Amino acid sequence: MTTTLITGANKGLGFETARRLVEAGHTVYVGARDADRGRRAADELDARFVHLDVTDDASVEAAAKTLEAGGGLDVLINNAGIETRTEDNSVPVAATVTADQMRTTFETNVFGIVRVLHAFLPLLQRSAAPVVVNVSSGLGSLTHVSDPEHPAHFYPGIAYPTSKTAVNMLTVQYAKAFPAMRINAVEPGFTKTDLNGNTGTQTVAEGAEIIVRMAQVAPDGPTGGYFDVKGPLPW
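Values in this document were obtained by computation on a predicted structure and should not be read as measured data.

Visitor: Would you mind going over unusual backbone geometry with me for this structure?
Guide: Trans is the prevailing form of peptide bonds, just as negative phi is the prevailing case for residues other than glycine. Unusually for a residue other than glycine, aspartate 46 sits at a positive phi of about 60°. Summarising the element assignment, aspartate 46 is placed in the loop between helix H2 (35–45) and strand E3 (48–51). In this structure aspartate 46 comes out as exposed when scored by relative accessible area, which is 67%. The backbone of asparagine 89 shows a phi angle near 70°, a positive value even though the residue is not glycine. Mapping asparagine 89 onto the fold places it in the loop between strand E4 (75–78) and helix H4 (99–109). On the basis of relative accessible area, asparagine 89 is assigned to the partly exposed category, the value being 28%.

Visitor: Any chance you could explain the pattern of salt bridges here in plain terms?
Guide: Between side chains of opposite charge, a pair can form as their charged atoms come close. For the structure on display, the rule yields nine salt bridges. Here arginine 37 ties to aspartate 34 by a salt bridge, and the two come within 3.8 Å at their closest N and O atoms. For aspartate 34, a relative accessible area of 29% corresponds to the partly exposed category. Three or more residues joined by partner-sharing salt bridges are found here, namely Glu16, Arg19 and Glu23.

Visitor: It is not clear to me how the environment of valine 204 should be interpreted in this structure. Could you clarify?
Guide: Take valine 204: it is sitting in helix H8 (residues 204–215). Judged by relative accessible area, valine 204 falls into the partly exposed class, the value being 26%. Each C-alpha atom, one on valine 204 and one on lysine 11, is 9.7 Å from the other, the two residues being 193 residues apart in sequence.

Visitor: For this particular structure, what's the right way to read the packing of H4 against helix H7 (residues 159–177)?
Guide: Packed helix pairs are specified by the crossing angle of their axes together with the interaxial distance, meaning the distance between the axes. Relative to each other, H4 and H7 sit at 35°, their axes nearing to 9 Å. Crossing handedness for the pair H4 and H7: right-handed. Between H4, through Gln101, Met102, Thr105, Phe106 and Asn109, and H7, the contact on the second element is made entirely by Ala159, Tyr160, Thr162, Ser163, Lys164, Ala166 and Val167.

Visitor: Please clarify how the packing of aromatic side chains should be interpreted in this entry.
Guide: Aromatic ring pairs are described here by two measures, namely the spacing of the ring centres and the angle between the planes. Applying the stated criterion to the full structure yields three aromatic pairs. Aromatic pair tyrosine 226 and tryptophan 235: ring centres 5.1 Å apart, planes at 15°, arrangement stacked. The exposure class of tryptophan 235 is partly exposed, given its relative accessible area of 40%.

Visitor: What am I meant to see in the nonpolar core here?
Guide: Looking at soluble globular proteins, one finds that nonpolar side chains tend to be buried together. Counting 30 residues, the largest nonpolar core has Leu5, Leu52, Leu67, Leu73, Leu76, Val116 and Phe120 as its most contacted members. Sorting the residues of this core by element identifies helix H3 (57–70), helix H5 (111–126) and H7 as the ones contributing at least two each. Ranked by residues supplied to this core, first place goes to H5 with eight residues. Leave out the neighbours within four places in its chain, and leucine 67 touches Leu5, Tyr29, Val50, Gly72, Leu73, Phe120 and Leu123.

Visitor: Looking at this structure, how should I read the sheet that holds strand E2 (residues 27–32)?
Guide: The mixed open sheet is built from eight strands, whose spatial order is E3-E2-E1-E4-E5-E6-E7-E8. Where the open sheet ends on each side, the last strands, each with one partner, are E3 and strand E8 (231–232). Sheet topology note: the strand E5 (residues 131–135)/strand E6 (residues 182–186) ladder contains five bridges and is parallel. Its bridge partner being in E6, valine 135 is matched across the sheet by valine 186. Contacts from helix H1 (residues 12–23) reach strand E1 (3–6), E2 and E4, with the element oriented near 170° to E1. Strands in contact with H7 are E5, E6 and strand E7 (226–228); relative to E6, the strand with the most contacts, it is inclined by about 165°.

Visitor: Just to check I follow, could you spell out H1 for this structure?
Guide: Working note: α-helix, 3.6 residues per turn, so residues spaced by three or four point in the same direction. A rise of 1.5 Å per residue sets the reference length of H1, with its 12 residues, at 16 Å; its end C-alpha atoms lie 17 Å apart and thus fit the reference within 8%. The complete set of buried residues in H1 reads Leu13, Gly14, Phe15, Glu16, Thr17, Ala18, Arg20 and Leu21. On its buried side, H1 packs onto E1, E2, H2, E4 and H8. In the segment just after H1, glycine 25 is the residue with positive phi, at about 100°.

Calculation criteria
Residues numbered from 1 in each chain as written. Predicted model: local features only at pLDDT ≥ 70, side-chain atom pairs only at ≥ 80, totals over all residues. Heavy atoms only, no water. Helix = DSSP H or I, 4+ residues; strand = E, 2+ residues; numbered from the N terminus. Buried < 20%, exposed > 50% of the residue type's maximum accessible area, 1.4 Å probe, protein only. Salt bridge = Lys/Arg side-chain N within 4 Å of Asp/Glu carboxyl O. Axes fitted to C-alpha atoms, helices over the stretch in contact; angles between N-to-C directions. Left-handed = near helix turned anticlockwise from the far one by under 90°. Contact = heavy atoms within 4.5 Å. Phe/Tyr/Trp six-rings, centres within 6.5 Å; stacked < 30°, edge-to-face > 60°. Core = buried A, V, L, I, M, F, W, Y, C linked by side-chain atoms within 4.5 Å. Pairing = 2+ DSSP bridges. Expected span 1.5 Å × (residues − 1).

Any functional reading would require information beyond the geometric quantities listed.
Structure follows, in structure tokens:
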């Protein structure tokens, strides 16, 4: 039985990914910082709940102990993420973004991944087929954002795409450091979720497709890559 942990899994892409992997036969842990919502989601999915706030060391360490006691971990999906938005659902742009907004975004989107990986690496290293999926974004592609012919070029925000570019670098560096693991970054696409104020154009079922696919990558599959549902993306 494959044991999978998904951070930020009580709603949106994380919830849909959990649903699909439960259907595929995984034992899924729904990681959520809100215990009530997390338990409700786990109950609905026939999954397990673990309290996990990726911005809190003690929470992450406690979650790792819970999974260790439960038998270990095979697949880690770093899904938890935020995008700073104003009251009118716009994003802070170059003229207005503050260091505090950048710090808040990085605390979840970047440092959160490092914090979770640091705590769960020992469990993953004991797995026969360890997999890590880092949920990135197409906005993390310097190639696309700098191309005036690509839609990503017109996204005006600073904090979110910068954090996702950092996620891509983390993916490459961790993949090099742990060649026995399959560690990849994925771009779900512009999906309608609370993260973007439900302005996305895809359903969560469409967005979760590449996450689910890469969560089930074989031991001889790709690692250190950056993918959307159509294939590899340029950095």
